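Fold and geometry: a report
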Amino acid sequence: MTDPQTAELEIPAESRFVAAARNFVTEEARSAGWMQESQLDDLRLVVSETVTNALRAHVDRHVDELIKVRSTVFDDRVEISVADSAGGFEVPTDIASLPDPDLRSEGGFGLPLIEALSDEAHFTRTTEGTVVRLVVYRVGHAAS
Amino acid sequence: MHVIGEIDLATAPKYRTELNQAVVVADGGSVAIDLTDCDLIDSVGIGLTLGAARRVHEGGGRFAVIAGDRVSTLLGRYRVDQILDIVDSVEALERSLP
């Protein structure tokens, strides 16, 4: 059992920084020994979607604050939190009950993906905005 | 049309422009996009791809996506692998032509 490894990254709400955020989390996991490329790809995707949502909330509300991304890698899992300052949005109370994305529309693929690729997804509304906390278990360390 | 790199919010405007151009140039014919050198496609790119596919289908053409294992897996994550026409190589696309 090694100590969890925590790091934080703050990014401006600009689209070119989404790649920095997903690479940040992926590299944190990789440096802690996560080797399976397919799981690192999934991690990249789930961070990309979460940060994209936060960024859109900032842009929609013309908020200039930074978006905070925190990654904590444990032996068996990584916990990711993405905190925006966009004043919060109406979050689903039960993300698993969300309908399938309308495959004819061009949107609506983000949240179902976050739900599908994380073992836990918690949405918390704060006075500043929304904090999304995700837990992804390392392959071979199934959630109990 | 050949995509190299990542399709996300940052690169979506360029991807959208290229897709639109491909659809317009095809003018009712078929379009194939080659994603074998694409490292990531997220929901923004998926949405644009489906929109282009719909337009090509409405015009009577075929819309094919050439994807290796990695992108095929990503498309599967979004559950669009069953609704997009995915082939694994240019050769496979050519073989599938009438």
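Everything in this summary refers to the structure shown in the same document. (Residues numbered from 1 in each chain as written. Chains lettered and ligands numbered in written order. Predicted model: local features only at pLDDT ≥ 70, side-chain atom pairs only at ≥ 80, totals over all residues.)

1. Thoughts on the overall build of chain B
Filter applied, for reference: In DSSP terms, a helix is any run of H or I states spanning at least four residues, a strand is any run of E spanning at least two, and both are numbered starting from the N terminus. Just to be clear, the radius of gyration here is over C-alpha atoms, and the globule rule we use is 2.2 Å times residues to the power 0.38.
When helices and strands are tallied, chain B shows four helices and four strands. What you see in chain B, going N to C, is helices and strands ordered as β-α-β-α-β-α-β-α. For 98 residues, the compact-globule formula gives about 13 Å, and the C-alpha radius of gyration of chain B, at 12 Å, lands near that figure. Based on the C-alpha atoms only, the size of chain B along its principal axes is roughly 30 × 25 × 20 Å.

2. A word on the nonpolar core
Note the following rule: By definition, a nonpolar core groups buried Ala, Val, Leu, Ile, Met, Phe, Trp, Tyr and Cys residues that are joined through C-beta atoms within 7 Å. Using C-beta atoms placed from the backbone, we call a residue buried if 20 or more other C-beta atoms fall within 10 Å of its own, exposed if 12 or fewer do, and partly exposed for counts in between. Working definition of a contact: two residues with C-beta atoms, positioned from the backbone, lying within 7 Å.
By size, the foremost hydrophobic cluster in this structure holds 61 residues, and its most contacted members are Ala21(A), Val46(A), Val51(A) and Leu35(B). Among the elements that take part in this core, helix α2 (residues 37-60) of chain A stands out by supplying eight residues, more than any other. Aside from chain neighbours lying at most four places away, what touches Leu35(B) is Val3(B), Ile41(B), Val65(B), Ile66(B), Ala67(B) and Val71(B).

3. What to know about the interface of chain A and chain B
Put simply, the test is: Polar here means any residue other than Ala, Val, Leu, Ile, Met, Phe, Trp, Tyr, Cys and Pro, which are nonpolar, and Asp, Glu, Lys and Arg, which are charged; Gly is therefore polar.
Across the contact, 20 residues belong to chain A and 20 residues belong to chain B. Those elements giving two or more residues to the side of chain A that touches chain B turn out to be α1 (18-31), α2 and α3 (110-117) of chain A. Of the residues in the side of chain A that touches chain B, the class split is nine nonpolar, six polar and five charged.

4. Details of the sheet that holds strand β1 (residues 2-7) of chain B
Residue and element names in this part refer to chain B. For the record, the criterion: Being paired, for any two strands, means DSSP has found at least two bridges between them. Angles run from 0 to 180 degrees between N-to-C directions of axes, and those axes are lines fitted to C-alpha atoms, restricted for helices to the stretch in contact.
The strand order across the open sheet formed by four strands is β1-β2-β3-β4, and the pairing between neighbours is parallel. Of all strands in the sheet, those bounded by a partner on one side alone are β1 and β4 (85-87). The average undirected angle you get between the axes of adjacent strands in this sheet is 35°. Of the pairings in the sheet, the one linking strand β2 (residues 31-41) to strand β3 (residues 63-66) comprises four bridges and is parallel in character. Pairing of Ile-33 across the sheet is with Val-65, part of β3. Of the strands in this sheet, β1, β2 and β3 are in contact with helix α2 (residues 43-58), which crosses β3 at around 145°.

5. Some thoughts on the pairing of strand β5 (residues 130-137) of chain A
Residue and element names in this part refer to chain A. Side-chain alternation along β5 places Thr-130, Val-132, Leu-134 and Val-136 on a buried face and Val-131, Arg-133, Val-135 and Tyr-137 on a face that remains uncovered. Summarising the sheet, strand β3 (residues 77-83) and β5 pair through seven bridges and their orientation is antiparallel. Paired with Val-78 across the strands is Val-136, a residue of β5. The antiparallel pairing of strand β4 (residues 120-125) with β5 creates a hairpin that spans four residues between the two strands.

6. Quick look at the sheet that holds strand β1 (residues 5-11) of chain A
Residue and element names in this part refer to chain A. Spatially, β1-β2-β3-β5-β4 is the arrangement adopted by the five strands of the open sheet, whose pairing is antiparallel. Each edge of the sheet is formed by a strand with only one pairing partner; in this case those strands are β1 and β4. Ignoring which end each strand starts from, the neighbouring axes of this sheet average 15° apart. Here strand β2 (residues 67-73) runs beside β3; their pairing, made up of six bridges, is antiparallel. Bridge assignment links Arg-70 to a residue of β3, and that residue is Ser-81.

7. What to know about unusual backbone geometry
Residues other than glycine seldom take positive phi values, yet His62(A) does so here, at roughly 55°. Looking at where His62(A) falls in the secondary structure, it is placed in the loop between α2 and β2. For His62(A), a count of 8 C-beta atoms within 10 Å corresponds to the exposed category. Although it is not a glycine, Arg79(B) adopts a positive phi angle of roughly 55°. Along the chain, Arg79(B) turns up in the loop between α3 (69-77) and β4.

8. Concerning α3(B)
Applicable threshold: Arc definition: it is the arc formed by the directions from the helix axis to the C-beta atoms.
All buried positions along α3(B) are accounted for by Val71(B), Leu74(B), Leu75(B) and Arg77(B). Viewed end-on, α3(B) has its buried residues packed into an arc of 155°, placing them on one side of the element. When the buried face of α3(B) is taken as reference, the exposed residues oriented beyond 90 degrees from it are Asp69(B) and Gly76(B). Of the surrounding elements, those touching the buried residues of α3(B) are α2 and α3 of chain A together with β2 and β4 of chain B. Of the residues trailing α3(B), Arg79(B) is marked for its positive phi of about 55°.

All we've got here are geometric facts, nothing functional implied.
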